[in-house]
Each structure stands twice: as C-alpha cells, then as structure tokens.
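# Descriptive structure summary
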Amino acid sequence: MTQTPTSSVIQAQDLGLTFQTNDGPVHALKDVTLTINKGEFVSFIGPSGCGKTTFLRTIADLEQPTAGTLTVNGMSPSEARKARAYGYVFQAAGLYPWRTIGGNIKLPLEIMGFSKAEQKERCARVLELVELAGFEKKFPWQLSGGMQQRASIARALAFDADILLMDEPFGALDEIVRDRLNEELLKLWARTEKTIGFVTHSIPEAVYLSTKIVVMSPRPGRITDIIESPLPKERPLDIRDSQQFIDIAHRVREGLRAGYDEAAE
Amino acid sequence: MTQTPTSSVIQAQDLGLTFQTNDGPVHALKDVTLTINKGEFVSFIGPSGCGKTTFLRTIADLEQPTAGTLTVNGMSPSEARKARAYGYVFQAAGLYPWRTIGGNIKLPLEIMGFSKAEQKERCARVLELVELAGFEKKFPWQLSGGMQQRASIARALAFDADILLMDEPFGALDEIVRDRLNEELLKLWARTEKTIGFVTHSIPEAVYLSTKIVVMSPRPGRITDIIESPLPKERPLDIRDSQQFIDIAHRVREGLRAGYDEAAE
Amino acid sequence: MNRVINTPGAWQHLGLALAVALALVLGLGGAAAQPSSEVIAALVAAVVFAYGYRQRPPKLWRVLLLLAFWNALVFAAYALAMQQTGAEGAAFWSAVAAIWLGGWAFVSFVAEVRPRAGSLWARLHPLVAPLVFGVTLLWVWETAVKALEVPKVILPAPSEIGMRFAASLDVLWIDLVQTFVRGTLSGFAIGCGAAVVFALVVDRYAFLRRGLLPVGNFLAALPIIGTAPIFVMWFGFDWPSKAAVVVAMVFFPMLVNTVQGLASTEAMQRDLMRTYSAGWWQTLVTLRLPAAMPFIFNGLKICATLALIGAIVAEFFGSPTRGMGFRISTEVGRLQLDMVWAEITVAALLGSAFYGFWALLEKRVTFWHPSQRSR
Amino acid sequence: DDITLQLKWVTQAQFGGYYAALENGFYEEEGLDVTIRPGGPDIAPVQVLMGGGADVMVDWMPSALAAREQGAPVVNIAQPFARSGMMLTCLAETGITSPDDFPGRTLGVWFFGNEYPFLSWMNHLGIPTEGGDDGVEVLRQGFNVDPLLQRQADCISTMTYNEYGQVLDAGIPADQLVTFKYEDQGVATLEDGLYVLEENLEDPEFVDRMARFVRASMRGWEWAAENPEEAAMMVLDNDESGAQTEAHQIFMMREVAMLTEGATGRLDEEAYARTVATLLGGGSDPVITAEPEGAFTHVVTDAALN
Amino acid sequence: MKNALPILTIVVAILALWYVAVIPMNAPWERNQAAMRGDQIAFSQIVTNTMNQDRPVLPAPHQVVREMWNSTVVEEFTGRRGWWRSGSLSNRSLIYHGWVTLSATMLGFLIGTGAGILLAIGIVYNRAMDASVMPWAIVSQTIPIIALAPMIIVVLNSIGISGIVPKAIIAAYLSFFPVVVGMVKGLRAPDAMQLDLMKTYSASGANVFSKLRLPTSMPFLFASLKVGIAASLVGTIVGELPVQQGGLGVRLLSGSYYGQTVQIWAALFAAAILAAGLVGIVGMIERRTLRRMGIAA
Ligand SMILES: Nc1ncnc2c1ncn2[C@@H]1O[C@H](COP(=O)(O)OP(=O)(O)OP(=O)(O)O)[C@@H](O)[C@H]1O
Ligand SMILES: Nc1ncnc2c1ncn2[C@@H]1O[C@H](COP(=O)(O)OP(=O)(O)OP(=O)(O)O)[C@@H](O)[C@H]1O
Ligand SMILES: Cc1ncc(C[n+]2csc(CCO)c2C)c(N)n1
Ligand SMILES: [Mg+2]
Ligand SMILES: [Mg+2]
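Note that this is a predicted model, so its numbers are computed, not measured.

## Details of the sheet that holds strand 7 (residues 195–199) of chain B
Residue and element names in this part refer to chain B.
- On the basis of which strands lie adjacent, the open sheet formed by six strands has the order 5-6-7-3-8-9 and mixed pairing. On the outer flanks of this sheet lie strand 5 (86–89) and strand 9 (222–228), each paired with one strand and no other. Across the sheet, the axes of successive neighbouring strands diverge by a mean angle of 15°, strand direction being ignored.
- As defined by bridge partners, strand 6 (residues 163–167) adjoins strand 7 across five bridges and the pair is classed as parallel. Paired with isoleucine 163 across the bridge in strand 7 is threonine 195.

The structure is reproduced here in structure tokens:
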C-alpha cells in the first residue's frame, strides 16, 4: 500500500440508480459502496453498460441517485459541484465547435472568472502538457480524433479542480500516444495530489495508473472487486513487465470475466 | 509461413493519394506498394492520421488514387466494387436509424436481390455470430455503442463478399467481448477463405489475428514495415503468451515508435 | 427567497396577489363601477388556493387545490364579465390583470406536472396549457371590447363572433368547400407533388440544381399580391386560379426542403451504398428518401399554412360569389365584422388542423429522428 | 381648424373637387387645414371614421346606410354627386341588347358593399343570381376591366368616369359596347356623399366647421368642372402611387363633372328615397332591412349655402 | 462563380420559354380585335403584335425590362418630378417606391426578429410559455393577414399611430414566426454533453446562454432570418395596400386598377430583386459570422 492520504473525499454507501424507461426500469447501479480517499487514483473497469459512466456522472451531480447516500468532501454532490470541485473529461471529446482549441480550454476559466493573463498562461501550460502547443488557434474539426480527445483533457486540467473524473479519456488514441499520456497523467497526479476517478476498457492501463482498481459488472451495475494496487507511486513504463503487474492484471481479468459469465446467464 | 493461398487479390504499386485542401495538399498516401494474396488476413497499424482508413477506402473504390496503380482481382477497384466484391465495416457503426437491426442487416441483401427466405436465414445467422440474437426488432438507438458496432459487423458479414475490409471494428468494445469476437472472426476467416483487411490500434489484436501486419507512418502516409506472421492458422487465445507472439508484438511496437519519432521531428 | 422566484408559476402567482391587492385598495375608493365583492372574494380565494398548491401538499390535496384555484379564477372571470358597465377604472383593470396572471400561473402549474407515460392524462396534458392560454386570451379580448365599448364595426367581441359562427354554419361550409377542398387541397397536392418530383430531377443533375435553385428562389420571392391578379386573368375566376396561386406559393419551399433533405445523408451512409454498388433507385428508396423525410415533413408543415392563406388571398382579387376570401372581403364592405371573424376563425381552425395532420404523420413516419425521440 | 377627410378610394379625379379646393386654397380661405387621406381596397371609410381617424368621409349611400344599421351612426351632410355613374358594360359581340338577354350570361359585379344596386336590379327583373339557364352567373370582379377584355365575362361593372374609359383606351370602340346605366334602369343609388358621425352634429362648432368645409368643397367642385385639365394635374400632384396617367385623369375629371353638374351639395330627398327603395328591394339578403331614420341632415348645407 | 454558367443557362431557357408563351397568351386579343374590325390577321402579324401590346395578358420580357428602365433611371433623370430636376426621388419611379417598401421592411424585420428572439428565449426558459405559446404562434400564421391588415391599420390609426409603423407591424407579424421556430430549435440544439459540461463548471444561466445556447443557435437563426426578411417584405406589401402611401404594393395594386399589366410586372420584379438582395445581404453576414465562429469553412 503506497497511498499517502487518508481523509476520504468520495463516499458512496449502498448507492443505487434506476432509470425509468418506456421498457421498464433499468438498474444502472445497485448497492454500490465505495470510499475514495484524497489523492487516490481510482480506475473503473467493467463490460460495456455496467454503469461506469453512470457512477462517474452521479459523483459529478449529473445524475441523481435513487437510493443510498453519496458525499463528496463531506458535502452533497450538488454542493460540491457548485463549489467547482470537479474537472470532468467526457467519453467523447465534446469540444464546442465554434471555439478554437484555445477558446475551448479557456471556456471554464472564463466562467470561473480567471483574469485574461492567467487564462493565457494556463492555456499554454496545459496545451504543452498534452502535446498540442501550436494548435491553439485551430478549430476542433481541423484536428484528428485523437488530438481532439487530448484537447478535452487539457480543458479539464486547466482549472485545477481537486477531483478529476475521466471517462475513457484515451479510448481514441493509439498505443504510443496513450503510453506517453499515461506517463504524463501519472506525473501530474503525483505532483498535484489530485483525486482521480478514471474509466477505462484497458486492463494494462488500469493497472499501470491506479492505486485502486474497481471492477464492475452489469445488470444490475455493481462492484464485484476492489483491488488495492501494491505498485509504487513512481512507475516507469517497463513496470508493466514486472510479475506484480502481471498478477494484478490477471486478477482484474478474472474479475471481469466472472462478471461477464454471470451476466450471460 | 502458414499461409495457404498464393494468387494475389489486391496489388498496389507505388500508390499515392493527395488530398487538395485549402491549406494546401495533404499527402495521405505515398509510394505504397503492397500485395495481398487470396485468403490472407492483413492488419494495418499506425498512428492516427497515417492513412490507414484512406488506404482501405482506396481499395474499396471510395477514394481515387492520384498516383500509382491498384488492382483488385485483376480488375480496377471500381469494377470490383460493381462486382460486389467488398464487405466494408466503417470506423463508426453507421446504421440507418429508420431501420431495425434486422432491417439494417437485410439492407445489402435486399439491394443484391436475395430472396426473402434467404434474407431471413442469413440475418439470423450473422446475428447469432455477433451475439445479438433477439435484438433483431430493436432500433439502433436502443442499443449501446458496442452493440451497434457489432450489428454493423454483422451487416458486412451477411452477404459473403470475398474481400472483407474492416476499419477498427472493435474499437468501441471492451476487452472480453473483443477477445470473443476476435476468436469468432478468426474462425469465420479460417472457414470461408475470405481475404481480410483490418485496421486496428491494438498491437496484440493485430498480432493475434493477422497473417501479415502492415505498419504505417504518417506525413506522408506510407508503409514502414511489413511483417509476415509465423503463427499457425489455428490460434487459441493463450497463444498471446507465447514467445513468438511477444516477439512479433515487439517488432510491431518498435516499427510504430520509429515512425512516430521520425514524424515528431 | 429562491422558492419565491424559482418555482414554476411563482412570479405569476406573485403578480396575481399584487394585482388583487391593488384592485382591493383602488376598490376601497368606492366608485360605482369597481369589481364587485364576489369578484374580489373569488380572487382572494384564488391567491390562497395557489399558495396552498405551491406548498406542495400530498397529491390528492394538490389536485383539489389546483381545481379550486381554477374554479375561483373562472368564477371571478365570469362575475367580472357579467358586471361590465362600460365605465371601469383602474381597479377593474387590476382585476383583469389578476385573472390573466392567474391563468398564466395555472398553466405553469399544469405544465410542470409530468404525467405517467401512456395514460389518458398524458395524451390530454399537452392540450391543457394552450387551451387555457387561448381561453384566457379570448376572455381578455371580450372584456376589453365590452369595457372599452369598442364599436362592433371595428372589433366585435368573441361572443358575437361565436354566435354569428353558429348561425352561419351553412355559408361557412360552402365557403370552406370552395376555398379549402377545391382551391387549397388541389393546389397543395399539385404543388408539393411537383416539387418532390422536380427535386428528384434537380438532384440528379447538378447542373440543373446549381442553375435552378437560385433562379427558383428569386421567382419564389415574387409577392403573391402581384401574382394573384395575374393568375385570375390567366386561369379564370373559379378555383383553378386559386390552386395556381397555391402551387406558386408552396412549390419552392417544398422544393428547397426536399433537395436539402435528399442531400442530408451522411458521407458514410452514401459510402456504404457505394460498397454495395447500389443503383440510383436503390439508393433513393433505401437511403435518401428516408433520410429526407424530416425535411420533407418540415416543408409540408410550412406549406400547409401557406396554402390556405394563398387560396384566401387569391380570392381577394376576383372570385365567384363564394369562398372564404370572397366572404371576408365582401363582409368587410358590409361592415359585418362578426362574419369576417367567423371566417377568420374557420381559417385558423382549418389551417391548424391541416398543420396538425402533417405534424402527426411526421411523428409516425420519422419516429426514428432524434427530434422526435426527445426534446 | 383641422379637418381630416377620408376618401372612399385611391387618389383620382373622382375626388377632383376636394383636391382643387385644397390646392386653390379654398379651404384655407375658410380657415381650415384639411388633410385628405386616400382610401384603398378593403379600407371601409366608416371604420376609419368610427376609429376617430377622420372627421368626415366620402362614401356611397348603400354602404353608409348599411353601416348605420350595423350600429355605426353616420349621417349624410352633403351630396356633391347628383347622379350615379355606375353602369354595366357589355360587349356587343355577345348579342346582349337589353336586360332580357341576361339569363345564362356571366356578369362581373363589384362587391364590398357595391353589389346591392345590382342585386336589387336583378330582383326587379326577376333574374336569379345563382347561375343556371334562367339566371346569371355572377363573378366578383376585381377593380379592373380585364374580365371583359379577356372575354371572361359578358358584362362588367364600370363607372362612366373610369373603367368605361379604360375599356375604350384598351382599343374597344364605343360602338362595340352596350351599356346599361343604373340611372336609366331606375336602380341608381347615391354615390360620393359626405358623411360624419351623428353625435358630432350636436356640437354647433363642429357643424360650423363642416359648413365651411362643404362650402369650400363645393367651390372646389365648381372650379374643377370648369378647369378639368388643371384639376386633373392637381390630382396627379397628390397621387402618391404615381400610377395615374394625365390623359385618363382629364377624361375622368370631365366625366365626373357631368355627375356633379347642377348639384349644390344639398341632398335631394327624392334621390334619397329612391336609393332607400332600391336597397330595401335587394332580394333575399337586403343590405338594409328597415327604412333608416335620421340618415341625412340639411343643417350643414343650410348653414353652408346661406 | 461556378454557378454562373448554370444560372445563365436557366435564365436563357426561361426567357426563351417566356417569349414563346407570349404569343399564344396574347394572340386571342389580336384575333378578337381583328374580328371586331372585320378583317383577317396573318400569323406573322400576330407574332409581332403580341410582343408589344399595351395591355398584354403576358408582357414580353423586353417590355418588362424597358418599363423597369423607364421607371427607374429614365424617370429620375428626365422626369418632371425626377431626382435630377426636383432633388427628391420621383413618386413615379420604382426607386422611390422600392425605398418606401424597403424602409418599412427593415423596421418590420427588426421588430419581428427582436420579438421572435425574445419569444424563443421565453419558450426555451419558461415551461408555461413552452406549453402554451407555440400552438398559438402556429395559429397566428394561419390567419389570412390580408384580411386583418386593413383593420390593424384602422385601429392603429385611431390611436394615433400612422405612417411607417403600421406597415412595419404587419411586416413584423409575418417575420417573427420563422425566427421563433428557428431560434427555439437553435437554443435547444446543444446536446446533452455540451450542457453537462456547463453543469460541471456550475456555470450561471447567463453563462450557459451566452457561451453555449447562443452560439449553437446561430446557424438556425440565420436560416430563419433569411425566411423572415422575405416574409417581412411580403408583409410590408400587404400593409401598403390599404395605406396607399407609396411602396411597391401600391404600385402593384394601382397597376391592376388601371390595367397597366407591364407596370405590375415591373413592380413584381422590383419586389423580387429587393427580396433577393436582402436575403443575399443576410447570407453574407451569415457567412462572415459563421466563418469567424469557425462553423463554416
Ligand atoms: N439516460 C438513460 N436512460 C436509460 N438508461 C440509461 C441511461 N443512461 C444509461 N442507461 C443505462 O444504464 C446502464 C449503464 O450505462 P453506462 O453508460 O453507465 O455504462 P458504461 O459502463 O459507461 O458503458 P460503456 O463502457 O459502454 O461506456 C446501461 O444499461 C445503459 O443502457
Ligand atoms: N477528405 C479528406 N480531405 C482532406 N484530408 C483528408 C481527408 N480524409 C483524410 N484526410 C487526411 O489524410 C490523412 C490520413 O487520414 P486517415 O483517415 O486515412 O487516417 P487514419 O490512419 O485512418 O487515422 P485514424 O487512426 O485516426 O483513423 C490525415 O492527415 C487526414 O487529415
Ligand atoms: C372600396 C370600394 N371599392 C370599389 C368601389 C367601386 N368603385 C367606386 S368608384 C371606383 C373607382 C373606379 O373608378 C370603384 C371601383 C367602391 N365603391 N368602394
Ligand atoms: Mg461509458
Ligand atoms: Mg481511420
């Protein structure tokens, strides 16, 4: 256990969320109990439709739970949202097409009332971080899908929220860029002590990045396994060839498969 | 070398394709020379924007090359297209929202004049194959992204074209489903002797599936390495732990990285 | 404080209360033509009921309070209408404003209710708000006309229009058949049909599209006020000239929409058809027409309102001695304004029904389109 | 004093007397500042009067009496037009020579309140207006002569001073035309009179103002009858639409002069009685159902002419 | 400019058809006149005559062009009341009437657009208005405005409003509707994710409006403005009929009263040119704005 902090940031107790649809209720989340401490890097992994996105959205107050309790920094998610505690990266880039890349990154800064100079400086810094320096003046459609995704990550990083929620941010990227961004993200996290919730489909990515891996399973969406990673905080890329790494990955895969087979019945 | 056939199906010689845009020409493909034989399973891998999609589209006569020659089954791509030689799976699902899943799968069958009974039978068969039996009557928007992607694969499989071109078909799927579909695809390929062109971002997937891996690199898009896979045609999932597999994966990764570093200059 | 401003219908309710208070204070002055005490009592009750409703009591109570609120408003409105004498002062108008704001508050309350999907109430619910809005509007009209003693030859009251409507059903029907069935429907069918066919042709030949659309847009801008007399000269006084005006009016909106719709397929969808090596007709039937449907229906809805107006306007420039446009222009000359408004009412009902017909059909045909699935 | 006059129709020599009075300063001499507002299609001058947009209007008696019955208390204060200029004009080639030839024909009629003399006439003749072999097919004619020129109708409504001239101008000579003047058929109704709201007449100051107005207007009419060319030019100067031609307006001024000839402005009660009789005999849907009362007054003309 | 050739071709084709149609449309009159005179008329004579009738059923294109030329340039430079002699535009010229129409159109367009945008904001932000107003907005457009226009004018006159405003109000009545429909669509165009993003920033209502809803509505707004300005022109023309104080509408109508077919056609084309020009200007502004927003390439 290498994680430093102990104060809990996100606390879910028997959380449930049921969508009412024409075809009847969909149990997107059921009896989810989870504590995330300050400075943790938590990955969510699980088959398509198991409620990863829904859980992240519930934390960010974009969905209302229908059962259980959820507190963020001791407040309700809604209060936390109003206190601007979150940076959120959506599953799709979702840049505003009428703004340049720079304009998109400055959007939250404008809304939160940063000074012009500060906006400029922060924008440049995060663009650098995601390797998009020089693309500030381009419009989103002038960038490839992967570049857009990176811009959306930069946008969420720009305003230094304490809690960063990322929904498959690297899905559209090729392996090389992905590796590089994984490294950057880890560095950023180590430097800033942010609490990060991270959804991914990639087992190696989850293992490489996280201090805690949450394995989920569908119908109804629930947590089947929570794995505390024993890997050190300092993680070179080749840690992925270590036995420890392979063991965790194996455990995650087994957890996933179990959830899957069960759901198939 | 385990590949059986020898007669060449696709032959590209010094192929080039330049898009004219307002900002000047974009060299999407340059000096691409490649032979694909009957029954081969060829993967294309390379960083975002390197021209993988463009190459596949050129083969399918959706783009016109601006240099070099390209023949398909000894004909021009356009003739081959008119002879309905291709099944194409696009990067996004692209189902018609006004048709049910069944209706979408039957679409090419209607156009090609299959009988009603045959349509029904084929539709049922491919739905089974992609694990969507029972969803025939649903509309696309009632399915999750992964399911839509599978439906679009089923649509391309329904009419038994000799050449199957697939552009990142499994991009939106989680690892488990992906593994399963990989297996299915391999089985189908082994059974039918189809020639398959397959774009992916995942190195393990490319290695696992292919008889030939084409590594590409951008600006201008070109081929940097062609790797003939020595893996046997019969491939259980755990072949991925074999040394041979890891070696090929390594070579692919090196090829990719080389192309990347070069482009970064 | 948030509650006061932010809940649905809050500020209307606030306005209602203020207006009632104003009516009370002004009414204390005691002049003869103030709102009667029943009116004031009913309005005060309405304020109280609405207040109770906004406290979100249990469900049954809410229904009861809402009904009580509505009834209080209706009673106040009725009582106020009954006592009109023609010399009303500020207190009277405060009461009118109160009833109007009350109606609005009622609409806000009802609009916020989300009925269970599939129930009968869910079907009726969307009609409540516009109906209440319309009734309120008519009531304000009636009250204003009576209180201000607007001469009948300038603006008749809704009640007079209604009476005239009921008494002239036979004439209204004859006019409807002449203008709508003969002129509008035939023109609409010909115009829209031709536009769709033409769109297919234009779509096939890019040269035609690039040349015809700008020229066509220009020709479509010829105002019908000018073209209608010309068509009367060309096609005679009876319905053919009206149909011709309708055709001229609907042709280009329909053409533009259809052409735009046929072009609205995504590149990938077209590429898919290409990989199937599908023919033009196959692509048309399986891809382009379905994809164009939202646009085609948009065009049909626009044309539905244009068509009826076109036929009526055309009759202003020459007609046989029947038809809605004929009647309107003739009765204005005879100062039978109630008949004029009865015809206008028919036009509005008919036009809305015609529009509604296409909107319903659209819902069925383009169920798959995102705009039909949610707002 | 300010006076606003609402005309029944667009600016043309039909109203030449008022424009002549305006341009020659006759109104000014009476201490009046007169504004003349042209009318147009579908503007009922009664509505303008009722709405307070004008003090006095030019209207035809049928529509004024109809308005009275509808609760718009308008009163005739003067009648500059002694005769009616309305007639039915037929093409000789149709073979129509007398009203007996009407059955089975298509006739163009002006509506907007102008149809009553026609309906009354047909009622007298016993000819149904619903079409058929023994009836006439009635068209609601626009305010132009195209239906005749295009042979869409056998006969159309014309004014002696306007549309008839247009038919001649178009190239159909008078000997190819057969006309039926309403005057000759005994169904003439009074045209272009001056009307005000009844309640205003209780105010002597208003009556005085109107008296001066009528006096000046009648001077204008006399002058216009003597100087038709100049009067026509005055009309043209006041025409906002710029559509009238000099020749046609001069023609119109001359023809109108024949209708005003001999008129003092004082309403001829005999002509009034005939108008009322014609309107009451209007067939199934008469414009007025009862003998009107107080629909005219001589107080203004009496004051003006003495 | 690649459209120039197709447009030219179509225009030439239409002109050719038009000329051909002129002959049969106008021939009956020639025959009737001949019959009235009691003589025969040769076909070639008919053809030449039909091209230059005074009161044609269908005027020949050159007649319309000549009339437009005469009633603009010639009238202004040589006419008694022309701009050249009198220093003000002649009321016999289409330039003057076009200007009268244009000014009311623009005022009506501004009123209509403003009202339309406000109403759309109300509908999008207020559930009660959303539920109740839209159906009545549709109803309002099914009322034949030509019947209401005179009454509106009279009523406004009676409360002392006259001149350009009543016409502009009728113009606004016709032009507000497309704007409402388009703006409601546009203000609701942001997708769920774009709205959610704003929510995660806990952005104020004003921020959501100015930074999200307004930008997404721009393409819709411009599409509606084009329809709206054309509708505004029609409204102005309708409003001019009962007012009779100049304008292309008056020109159309008086042309019809005095049987001046060619004048009608000239006014008709002047109106269409005006409409095309106005729509073109809106289109230009649209392209500029959208390009600056990066929406259009
Ligand atoms: N707005 C909604 N209405 C109804 N059902 C919904 C809604 N949003 C999500 N669901 C359902 O809730 C379940 C969980 O969805 P969620 O998006 O959280 O899955 P996920 O784990 O993020 O999947 P993926 O990996 O595909 O993104 C799914 O079955 C989905 O169909
Ligand atoms: N229609 C087009 N017009 C102009 N440039 C294009 C067009 N289509 C593709 N390109 C450019 O051609 C290059 C190759 O694009 P392509 O889509 O083939 O990449 P890819 O390898 O499929 O990338 P990805 O992995 O992101 O799908 C890119 O630089 C792209 O910007
Ligand atoms: C509103 C109205 N329109 C037309 C006429 C009939 N009319 C009377 S004079 C005249 C001018 C023709 O020269 C015409 C057409 C009318 N009485 N009232
Ligand atoms: Mg998700
Ligand atoms: Mg691609």
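## What about the arrangement of the chains?
- A comparison of contact numbers over the six pairs of chains in contact places chains C and E at the top.
- Nowhere do chain A and chain C come into contact; their C-alpha atoms are at least 8 Å apart.
- Between chain A and chain D there is no contact, and the shortest C-alpha to C-alpha separation is 48 Å.

## Here we look at the sheet that holds strand 5 (residues 86–91) of chain D
- Taken in spatial order, the six strands of this open sheet run 1(C)-7(D)-6(D)-8(D)-5(D)-9(D), and their pairing is mixed. Two strands bound the open sheet, and with one partner strand each, they are strand 1 (319–320) of chain C together with strand 9 (177–181) of chain D.
- Where strand 6 (residues 106–109) of chain D and strand 7 (residues 137–140) of chain D come together, four bridges link them in parallel fashion. Across the sheet, the residue bridging to valine 109 of chain D is arginine 140 of chain D, located in strand 7 of chain D.

## Some details on the interface of chain C and chain E
- Of the residues lining the interface, 49 residues belong to chain C; the matching set on chain E comes to 51 residues.
- The interface formed by chain C and chain E holds zero salt bridges in total.
- Elements that contribute at least two residues to the side of chain C that touches chain E include exactly helix 2 (10–28), helix 5 (90–112), helix 6 (120–147), helix 9 (206–220), helix 10 (224–235), helix 13 (280–315) and helix 15 (337–365) of chain C.
- Split by residue class, the side of chain C that touches chain E holds 35 nonpolar, 10 polar and four charged.

## Examining the pairing of strand 3 (residues 56–59) of chain D
All names here are of chain D.
- Because side chains alternate across strand 3, one face comprises the buried residues Val56 and Val58, and the other comprises Met57 and Asp59, equally buried.
- For strand 1 (residues 2–6) and strand 3, the ladder comprises two bridges, and the chain directions are parallel. If you follow leucine 5 over to strand 3, its bridge partner there is valine 56.
- Two strands pair when backbone bridges link them, and strand 3 and strand 10 (residues 193–197) are joined in this way by three bridges, in the antiparallel orientation. Bridging across to strand 10, methionine 57 finds its partner in tyrosine 195.

## Digging into the site of ligand 1
Residues and elements named next belong to chain A.
- As a structural note, the neighbourhood of ligand 1 is formed by 14 residues, with Ser48, Gly49, Lys52, Thr53 and Thr54 the closest of them.
- Lysine 52 places a polar side-chain atom, nitrogen or oxygen, 2.8 Å from an oxygen atom of ligand 1.
- Protein contacts shield 65% of the accessible area of ligand 1, which totals 640 Å² for the unbound molecule.
- Elements supplying a minimum of two residues to the shell around ligand 1: strand 1 (8–21), strand 2 (24–37) and helix 1 (52–59).
- In terms of residue count, the dominant contributor to the shell around ligand 1 is helix 1 (three residues).

## With respect to the site of ligand 3
All names here are of chain D.
- Taken together, 13 residues surround ligand 3, and among them Lys8, Trp9, Trp60, Asn114 and Asn162 come closest.
- Within the side chain of lysine 8, a nitrogen or oxygen atom sits 3.1 Å from a nitrogen atom of ligand 3.
- Interatomic distance of 2.9 Å between a side-chain N/O atom of asparagine 114 and a nitrogen atom of ligand 3.
- Bound to the protein, ligand 3 loses 99% of the 420 Å² it would expose on its own.
- Cavity membership is defined here by more than half of the atoms lying within 2 Å of grid points; on that basis ligand 3 lies in the second largest cavity.
- Along the lines of polarity and charge, the residues of the shell around ligand 3 split into seven nonpolar, four polar and two charged.

## Quick word on the pattern of salt bridges
- According to the stated counting rule, one finds 57 salt bridges over all chains in the structure shown.
- Salt-bridge contacts for lysine 106 of chain A lead to glutamate 136 of chain A; the nearest nitrogen and oxygen are separated by 3.6 Å. With lysine 106 of chain A in helix 3 (residues 101–111) and glutamate 136 of chain A in the loop between helix 4 (116–129) and helix 5 (145–157), the pair connects residues that are 30 residues apart, well separated along the chain.
- A relative accessible area of 28% means that glutamate 136 of chain A is categorised as partly exposed.
- Residue aspartate 175 of chain C pairs with arginine 327 of chain C through a salt bridge whose shortest N-O separation is 2.8 Å. A residue pair is termed long-range when its members are at least 10 positions apart, and aspartate 175 of chain C in helix 8 (residues 169–204) and arginine 327 of chain C in helix 14 (residues 324–333) qualify at 152 residues.
- The buried category is assigned to arginine 327 of chain C, whose relative accessible area is 15%.
- When salt bridges that share partners are traced, they join Glu118, Arg122, Asp160 and Lys194 of chain A into one network.

## Overview of the nonpolar core
- Judged by nonpolar contacts, the single largest core of 225 residues is most densely connected at Tyr18, Ile77, Phe102, Leu194 and Phe213 of chain D.
- Residues Leu185 of chain A, Ala46 and Phe109 of chain C together with Ile229 of chain E belong to the second largest nonpolar core, which totals 153 residues.

## Here we look at the interface of chain B and chain C
- Of the residues lining the interface, 25 residues belong to chain B; the matching set on chain C comes to 18 residues.
- Of the roughly 2100 Å² buried where chain B meets chain C, counting both sides, 65% is carbon and sulfur surface.
- It is Tyr96, Trp98 and Ile111 of chain B in chain B that bury the most area against chain C; as a group they hold 32% of the surface buried on that side.
- Viewed at the interface, chain C and chain B are joined by two salt bridges.
- The shortest N-O distance in the salt bridge between aspartate 61 of chain B and arginine 274 of chain C comes to 3.5 Å.
- In this assembly, chain B and chain C are joined by eight residue pairs in polar contact (both at pLDDT 80 or more).
- For the side of chain B that touches chain C, the elements supplying multiple residues, two or more each, are helix 2 (77–82), strand 5 and helix 3 (101–111) of chain B.
- A total of four residues in the side of chain B that touches chain C trace back to one element, the largest contributor, which is helix 3 of chain B.
- Of the residues in the side of chain B that touches chain C, the class split is 16 nonpolar, one polar and eight charged.

## A look at the state of the cysteines
Residue and element names in this part refer to chain D.
- For the structure on display, the rule yields one disulfide over all chains.
- Here cysteine 90 pairs with cysteine 155 through a disulfide, and the sulfurs are 2.1 Å apart. An S-S torsion of about 105° defines the bridge between cysteine 90 and cysteine 155 as right-handed. With a gap of 65 residues between them, cysteine 90 in strand 5 and cysteine 155 in strand 8 (residues 155–159) connect regions that are remote in the sequence. Accessibility assignment for this pair places cysteine 90 and cysteine 155 in one class, buried.

## A word on the confidence of the model for chain D
- Summarising the model, chain D shows a mean pLDDT of 88, and 99% of its residues fall at 70 or more.
- Among the scores for the predicted complex, ipTM is 0.84 and pTM is 0.86.

## Some thoughts on helix 3 of chain A
- Counting buried residues in helix 3 of chain A gives 10 out of 11 residues, a clear majority hidden from the surface.
- Within the sequence span of helix 3 of chain A, burial applies to Ile101, Gly102, Gly103, Asn104, Ile105, Lys106, Leu107, Pro108, Leu109 and Ile111 of chain A.
- Contact partners of the buried residues in helix 3 of chain A: helix 4 and helix 5 of chain A together with helix 9 (192–200) and helix 10 (205–243) of chain E.
- Once helix 3 of chain A ends, the next one or two residues include glycine 113 of chain A, with phi positive near 80°.

What counts and how
- Every chain is numbered independently, its residues counted from 1 as its sequence is written.
- Chain letters start at A and ligand numbers start at 1, both assigned in the order the entries are written.
- The model is predicted, so local features are restricted to residues of pLDDT at least 70 and side-chain atom pairs to those at 80 or more, both for listing and for counting; the totals for chains, interfaces and linings are taken over all residues.
- Based on all heavy atoms of the structure, the side-chain values leave hydrogens and waters out of the count.
- Two strands make a pair as long as DSSP finds a minimum of two bridges between them.
- Secondary structure elements follow DSSP: runs of H or I of four or more residues count as helices, runs of E of two or more count as strands, with numbering from the N terminus.
- Simply put, an axis is a line fit to the C-alpha atoms, just over the touching stretch for a helix, and the angle between two N-to-C directions goes from 0 to 180 degrees.
- Here a residue-residue contact requires only that any non-hydrogen atoms of the pair lie within 4.5 Å.
- Criterion for a salt bridge: a side-chain nitrogen of Lys or Arg within 4 Å of a carboxyl oxygen of Asp or Glu.
- Residue polarity is assigned by list, with Asp, Glu, Lys and Arg as charged and Ala, Val, Leu, Ile, Met, Phe, Trp, Tyr, Cys and Pro as nonpolar; anything else, Gly included, falls into the polar class.
- Whether a residue is buried, partly exposed or exposed follows from its accessible area with a 1.4 Å probe, protein chains only, as a fraction of its type maximum: under 20%, in between, or over 50%, in that order.
- Nearness of a residue to a molecule or strand requires only that one of the residue's heavy atoms be within 4 Å of it.
- N or O atoms closer than or at 3.5 Å make up a polar contact, with two conditions inside protein: a donor-capable atom paired with an acceptor-capable one, and, for residues adjacent in sequence, both atoms drawn from side chains.
- Only the protein chains shown count as cover for residues, and all accessible areas are computed by the Shrake-Rupley method using a 1.4 Å probe.
- Note on definitions: the grid is 1 Å and covers protein atoms alone; a cavity is a set of points where a 1.4 Å probe fits but cannot get out; a pocket is an open set with protein on both sides within 12 Å along at least five of seven lines; lining residues have an atom within 4 Å of a point.
- Criterion for pocket placement: a molecule counts as inside a cavity or pocket if more than half of its atoms are within 2 Å of its grid points.
- Nonpolar cores were defined as sets of buried Ala, Val, Leu, Ile, Met, Phe, Trp, Tyr and Cys residues, with membership established by side-chain atoms within 4.5 Å.
- Here the quantity called buried area is the accessible surface, traced with a 1.4 Å probe, that two parts lose on coming together, added over both.
- Working definition: a disulfide is two cysteine sulfur atoms within 2.5 Å of each other.
- The score called pLDDT rates the predictor's confidence residue by residue, from a low of 0 to a high of 100.

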